[in-house]
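Given next are the chains, with one letter for each unit.
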Amino acid sequence: MNSLNSKAVERLAELLTALGMQAELPLSNWVDGELLAGQGESIELLDPVTGLPLIRYRDAGGSLVERAVAAATAGQREWMALTASERGRRMTVAAWALRGHEETLAQLESIVAGKPIRDCRGEVNKVREMFEYYAGWCDKQHGEVIPVPTSHLNYVRHVPYGVVGQITPWNAPMFTCAWQLAPAIAAGNGVVLKPSEMTPFSSIAVAMLLERSGLPRGLINIVNGVGPTTGAALTGHAGIAKLVFVGSPESGRRIAQAGAERLVPSVLELGGKSANIVFADARHDDAVAGAQAAIFAAAGQSCVAGSRLLVQREAFDEVCERLARAAGEIAVGLPSDEATLMGPVQNARQHQHIVSMIESARQRGARLLCGGHRPQGLPQEASGYFLAPTVLVDVTEDMAIAQEEVFGPVVVVMPFDAEEDAVRLANATRFGLAGAVWTQDPARAHRVASRLRAGTVWINSYKAINVMSPFGGFGDSGFGRSSGVEGLKEYTVTQSVWVETAISASVAMGYGNGVG
Ligand code: NAD
């Protein structure tokens, strides 16, 4: 074991042991109420902080997926045999079962995902909030009665799909896992979820703690492995009735294709290139703080990152100068340090992608106002995937850096003149996930917000999200919605029931009524 990394390796082993997940190899799957090791190829995780080996585990493989789907099918039947109120009660208890484990979960997430510990603690709270919120919906999913123009009573039920397959990315694994698990089970489904192979453990820990609190065995299953093996086994499994995917547009296409092959619907929550629009009349202090939170929180590894800052020309120089100064003062450091605001990029491939996008933008004439390099003053052990907060100007609309998702701490700042230009620029990408407007003119704020082709829009704010409010994208940012009642509805399908109420059945279409 390299001494630089021994601390992280030991700490991770301690956390997995505390959760009962450590054996010879980590028990990297939660299937049918048991922690199981994978059966496929070995996968090595590197520490985002040091870039050195952290841990190895084995890909789940097709046979574990098979077991997981069978377990979810049985678990779902047991779940639906309970009353709706009982399901709600058990979900509430499950949410509270995380109590006492918050710090372990936050530490686990922080080490493997490389996220600042303060962010991870916040995410554990969100996990609990999501289960509490959807627990309340269990006994409030009413059907409808349709006033059909015949003697029938026609009512509509919202029924679960059965077993849903969920696939999540590495940037907020625990949050994303709960985000999709909670509505899925509240709607009455069983689940098999595959987290990113880069961040396998926190989803297992959450599922295990929830299920052990009294959910039916096998209701939730977590399988870990890479897309082409475990992922493909899941998306291609005949027992999966719906696919819910959170990740990149490239993989999203493959998941939707796999669903289409079997005529199974999908929800896709994909990437973004969100525009953060600052008008000259905005409060500049707030707009600059908002611009930093928009792009540098989570080191820009956020689907809603405000990676394009559009600033009205009169305020352009001042906002750029203040943003670059503020960016240079952000506390970049070890995720375990309580003061750290920004940690490393999660993995080598992503780090390389970000660096090469910056480099090619520079070759095409973009200019760095700050960043673009390793941050200075990092502790010796921080030899991993760190990148200083980066601000680029002199960017033209046709550059890849203005069009494609970077998924790192890199913002391009572009000027605009009139409101019309801001709207046009904001909408000029293939994505449509989020956006923001900063202005003190309320009429303009609402006018511009309504013209942005984005699933979430903030006015004089950024990154406010809550499980109660719907979330999702337009265009290449995906389709379908998560969170809120909209997110719940994605997990049910309607069934229309016709009941004849006439003394003599009117269904006959010329038959019956004494005939035969
Ligand atoms: P990714 O698409 O590479 O991987 C996401 C998941 O898909 C992983 O679990 C991966 O193993 C799996 N996968 C890949 N190919 C597969 C296949 N053929 N079959 C089955 N599974 C497969 O994405 P990533 O790099 O992990 O995450 C970053 C992306 O996620 C960014 O684009 C980001 O914007 C997006 N994201 C979107 C949201 C949202 O809510 N819209 C939230 C977080 C992240």
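Here the focus is the packing of helix H10 (residues 284–296) against helix H11 (residues 313–328). Contact geometry for H10 and H11: axes closest at 10 Å, N-to-C directions at 55°. Comparing their axes, H11 and H10 come out oblique. Pair H10 / H11 crosses with right-handed handedness. The segment H10 lies against H11, with His284, Asp285, Val288, Ala291, Gln292 and Phe296 engaging Ala315, Glu318, Val319, Arg322, Leu323, Ala326 and Ala327. Split by residue class, the contact of H10 with H11 holds eight nonpolar, two polar and three charged.

Looking now at the nonpolar core. With 109 residues, the main nonpolar core has Met91, Phe131 and Phe201 as its most contacted residues. Of all the elements, helix H6 (residues 173–186) adds the most residues to this core, at ten residues. When residues of this core are assigned to domains, at least three map to each of domain 1 (2–270 + 481–494) and domain 2 (275–459). Sequence-distant contacts of Phe201, defined by excluding residues within four places in its chain, comprise Leu12, Leu16, Met21, Pro26, Ser28, Leu45, Ile55, Leu108 and Val112. In terms of nonpolar packing, the next biggest core, distinct from the first, is built from 29 residues, Ala275, Ile401, Ala402 and Val423 among them.

Let us now look at helix H14 (residues 419–426). Buried residues of H14: Glu419, Ala422, Val423, Leu425 and Ala426, and no others. For H14, the arc enclosing every buried residue in end-on projection is 165°, short of the 170-degree limit, so these residues lie on one face. The inward-facing, buried residues of H14 abut strand E12 (275–278), strand E13 (308–312), strand E16 (410–416) and helix H15 (442–451).

Moving on, we come to the packing of H6 against helix H7 (residues 201–212). Angle between the axes and distance between the axes are the two parameters that describe a pair of packed helices. Contact geometry of H6 with H7 gives a least axis separation of 8 Å together with a crossing angle of 45°. Taken together, H6 and H7 sit at an angle that is classed as oblique. Relative to H7, the crossing made by H6 is right-handed. Residue-level contacts link Pro173, Met174, Cys177 and Leu181 of H6 to Ser202, Ser203, Val206 and Leu210 of H7.

Okay, the domain arrangement of the chain next. In terms of domain boundaries, the chain breaks down into domain 1 (2–270 + 481–494) and domain 2 (275–459). Contacts between the two partners involve 26 residues from domain 1, matched on the other side by 32 residues from domain 2. Carbon and sulfur atoms make up 53% of the area that domain 1 and domain 2 hide from each other, which totals about 2200 Å². Remark: the boundary between domain 1 and domain 2 carries three salt bridges. Ionic pairing is found between Arg121 and Glu338, a salt bridge with its closest N-O pair at 2.9 Å. For the pair domain 1 and domain 2, the number of links is eight residue pairs in polar contact (both at pLDDT 80 or more). Of all the elements in the fold, those that place two or more residues in the side of domain 1 that touches domain 2 are helix H1 (3–18), helix H4 (102–113), helix H5 (117–137) and helix H9 (249–261).

Within the secondary structure, Arg128 sits in helix H5. Judged by its relative accessible area of 18%, Arg128 is buried. Those residues in contact with Arg128, other than ones at most four positions away along the chain, are Ala95, Trp96, Leu98 and Glu102.

So, about the state of the cysteines. Counted according to the given criterion, the structure contains zero disulfides. No disulfide involves Cys177; its sulfur sits 14 Å from that of Cys120, the nearest cysteine. Cys320 takes part in no disulfide bond, and the closest cysteine sulfur to it belongs to Cys370, at a distance of 10 Å.

Before going further, it helps to spend a moment on the side chain of Gln346. Here Gln346 is to be found in the loop between H11 and helix H12 (348–363). Overall, the relative accessible area of 4% leaves Gln346 in the buried class. Here the side chain of Gln346 touches Val112 through a polar contact of 3.0 Å, landing on its backbone oxygen. A polar contact is formed between the side chain of Gln346 and the side chain of Asn347, at a distance of 2.9 Å. Setting aside chain neighbours within four positions, we find Gln346 in contact with Pro48, Val112, Ala113, Trp170, Met198, Thr199, Gln301 and Tyr385.

Alternating residues of E12 divide into Ala275 and Ile277 and Asn276 and Val278, and every residue in both groups is buried. Summarising the sheet, E12 and E13 pair through four bridges and their orientation is parallel. Across the sheet, residue Ile277 finds its bridge partner in E13, namely Leu310. At this point the chain moves from E12, through H10, to the parallel E13, and the crossover so formed is right-handed.

Reading guide: rules and limits
Residues numbered from 1 in each chain as written. Predicted model: local features only at pLDDT ≥ 70, side-chain atom pairs only at ≥ 80, totals over all residues. Heavy atoms only, no water. Axes fitted to C-alpha atoms, helices over the stretch in contact; angles between N-to-C directions. Helix = DSSP H or I, 4+ residues; strand = E, 2+ residues; numbered from the N terminus. Parallel < 35°, antiparallel > 145°, perpendicular 65-115°, else oblique. Left-handed = near helix turned anticlockwise from the far one by under 90°. Contact = heavy atoms within 4.5 Å. Nonpolar A, V, L, I, M, F, W, Y, C, P; charged D, E, K, R; others polar. Core = buried A, V, L, I, M, F, W, Y, C linked by side-chain atoms within 4.5 Å. Buried < 20%, exposed > 50% of the residue type's maximum accessible area, 1.4 Å probe, protein only. Domains from an automatic or database assignment. Arc of directions from axis to C-beta. Buried area = accessible area lost by both parts, 1.4 Å probe. Salt bridge = Lys/Arg side-chain N within 4 Å of Asp/Glu carboxyl O. Polar contact = N/O pair within 3.5 Å; in protein donor to acceptor, adjacent residues only side chain to side chain. Disulfide = S-S within 2.5 Å. Pairing = 2+ DSSP bridges. Right-handed = clockwise from strand over helix to strand, strands pointing away.

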